[in-house]
Amino acid sequence: MALTKVIGDGIGAVTSIKTPLIEFTDGDDALAIADSGYVTQSGLPFIFVNGNDVNTRTLSNNHVFFNTAEASQAAASVTGSSTVTGAGNNGIAYTSGNGRFTVPVAGKYFVSGRFRYAETGDEAVSVTINTNANQDVAYLILQCTEATTLIITACVNLAANDYIRFVHGSGADRGFYMANGHCGASIFLIG
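Residues numbered from 1 in each chain as written. Predicted model: local features only at pLDDT ≥ 70, side-chain atom pairs only at ≥ 80, totals over all residues. Heavy atoms only, no water.

Asker: Any chance you could explain the overall build of the chain here in plain terms?
Answerer: Regarding its fold elements, the chain presents 0 helices and 17 strands. Going through the 191 residues of the chain one by one, you find that 38% of them count as buried. Within the chain, residue pairs in contact and separated by at least 24 positions form 67% of the contacts whose partners lie at least 6 positions apart. Total accessible area on the chain is roughly 9900 Å²; 51% of this is exposed by carbon and sulfur atoms. (Helix = DSSP H or I, 4+ residues; strand = E, 2+ residues; numbered from the N terminus. Buried < 20%, exposed > 50% of the residue type's maximum accessible area, 1.4 Å probe, protein only. Contact = heavy atoms within 4.5 Å. Areas by Shrake-Rupley, 256 points an atom, 1.4 Å probe, with all protein chains shown as cover.)

Asker: Would you mind going over the sheet that holds strand β9 (residues 93-95) with me for this structure?
Answerer: Remark on secondary structure: sheet strands pair via backbone hydrogen bonds, oriented parallel or antiparallel. A sheet is described by the order of its strands in space; here 5 strands give the open sequence β9-β10-β15-β12-β13, paired in antiparallel fashion. Of all the strands in the sheet, the pair left with one neighbour each is β9 and β13 (135-144). Across the sheet, the mean angle from the axis of one strand to that of its neighbour is 20 degrees, orientation sign disregarded. Pairing geometry for strand β12 (residues 123-131) and β13, over 9 bridges, is antiparallel. The residue bridging Thr-131 from the neighbouring strand is Gln-135, located in β13. (Pairing = 2+ DSSP bridges. Axes fitted to C-alpha atoms, helices over the stretch in contact; angles between N-to-C directions.)

Asker: Even after reading the chapter, I still don't get the environment of Asn-132, so can you show me in this structure?
Answerer: Residue placement: Asn-132 occurs in the loop between β12 and β13. Its relative accessible area of 32% is what places Asn-132 among the partly exposed residues. Residues Asn-132 and Arg-165, 33 residues apart in the sequence, show an inter-C-alpha distance of 8.0 Å. Leave out the neighbours within four places in its chain, and Asn-132 touches Asp-162 and Tyr-163. A polar atom in the side chain of Asn-132 sits 3.1 Å from the side chain of Asp-162. Here Tyr-163 takes part through its backbone nitrogen, which lies 3.0 Å from a polar atom of the side chain of Asn-132. (Polar contact = N/O pair within 3.5 Å; in protein donor to acceptor, adjacent residues only side chain to side chain.)

Asker: Looking at this structure, how should I read the packing of aromatic side chains?
Answerer: What the rule picks out here adds up to 10 aromatic pairs. Between Phe-66 and Phe-115, the aromatic rings sit 6.1 Å apart at their centres with planes inclined by 45 degrees, giving tilted as the arrangement. Here the residue Phe-66 occupies a position in the loop between β7 (56-59) and β8 (88-90), and Phe-115 occupies one in strand β11 (residues 107-117), the gap between them amounting to 49 residues. Classification of Phe-66 as buried rests on a relative accessible area of 1%. Residue class for Phe-115 comes out buried when judged on its relative accessible area of 1%. Here Tyr-94 and Phe-101 contribute two aromatic rings whose centre-to-centre distance is 5.1 Å and whose plane-to-plane angle is 25 degrees, an arrangement assigned as stacked. (Phe/Tyr/Trp six-rings, centres within 6.5 Å; stacked < 30°, edge-to-face > 60°.)

Asker: Whenever I open this one, the nonpolar core confuses me. Can you help?
Answerer: Within soluble globular proteins, side chains that are nonpolar tend to cluster in buried spots. Counting 33 residues, the largest nonpolar core has Phe-65, Phe-66, Phe-101, Phe-115 and Phe-166 as the members making the most contacts within it. Counting only elements with at least two residues in this core, the list comes to β6 (46-50), β11, β12, β13, β14 (148-158), β15 (163-168) and β17 (184-189). The leading source of residues in this core is β14, at 5 residues. (Core = buried A, V, L, I, M, F, W, Y, C linked by side-chain atoms within 4.5 Å.)

Asker: Explain the sheet that holds strand β3 (residues 21-23) to me, please; I cannot follow it from the model alone.
Answerer: Taken in spatial order, the 3 strands of this open sheet run β3-β4-β5, and their pairing is antiparallel. The two strands at the open ends of the sheet, each matched to only one other strand, are β3 and β5 (39-41). Between one strand axis and the next, the sheet turns through 5 degrees on average, direction left out of account. Two elements, strand β4 (residues 29-33) and β5, share 3 bridges in a ladder whose sense is antiparallel. Residue pairing in the sheet places Ile-33 in a bridge with Val-39 of β5.

Structure, rendered in structure tokens:
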């Protein structure tokens, strides 16, 4: 859709766009600006995954969550809807054989993981978010005396084809309950 009116301030800056809609060639909205100023944009890369195993899995130190090449892990579920309670993806690739989530385009991504520690001992439990193998971008450690859900989040600046992994880093074996609702991750482009 063409712009109906653009006003400059003398140096070329746009101060007004009268048609707050950009469409894909098939007619679907690509970007819309509401009268309130809120922007909605379709087609942004995202992935929401859930645990896919009703068992408690023991992870060794430095094991990667959702990595089926490690005997302790089950694959994440990426099937379903894109609602908060479901799973789904658009453009971010999950590889079960190494637990990697690879982004398609450069940008700032919001990354979040939730992992249910399933033991009752008095233990330090740690999860990290790292990029491209070993560059930690967020680190969470909690002293747990009962079953506890660990939630880790970060905003990460990534290049196209960079990847995210969620890594257990407690220094020793720890049990995690890997069921839907107890274990999962979300990654989406924010800018």
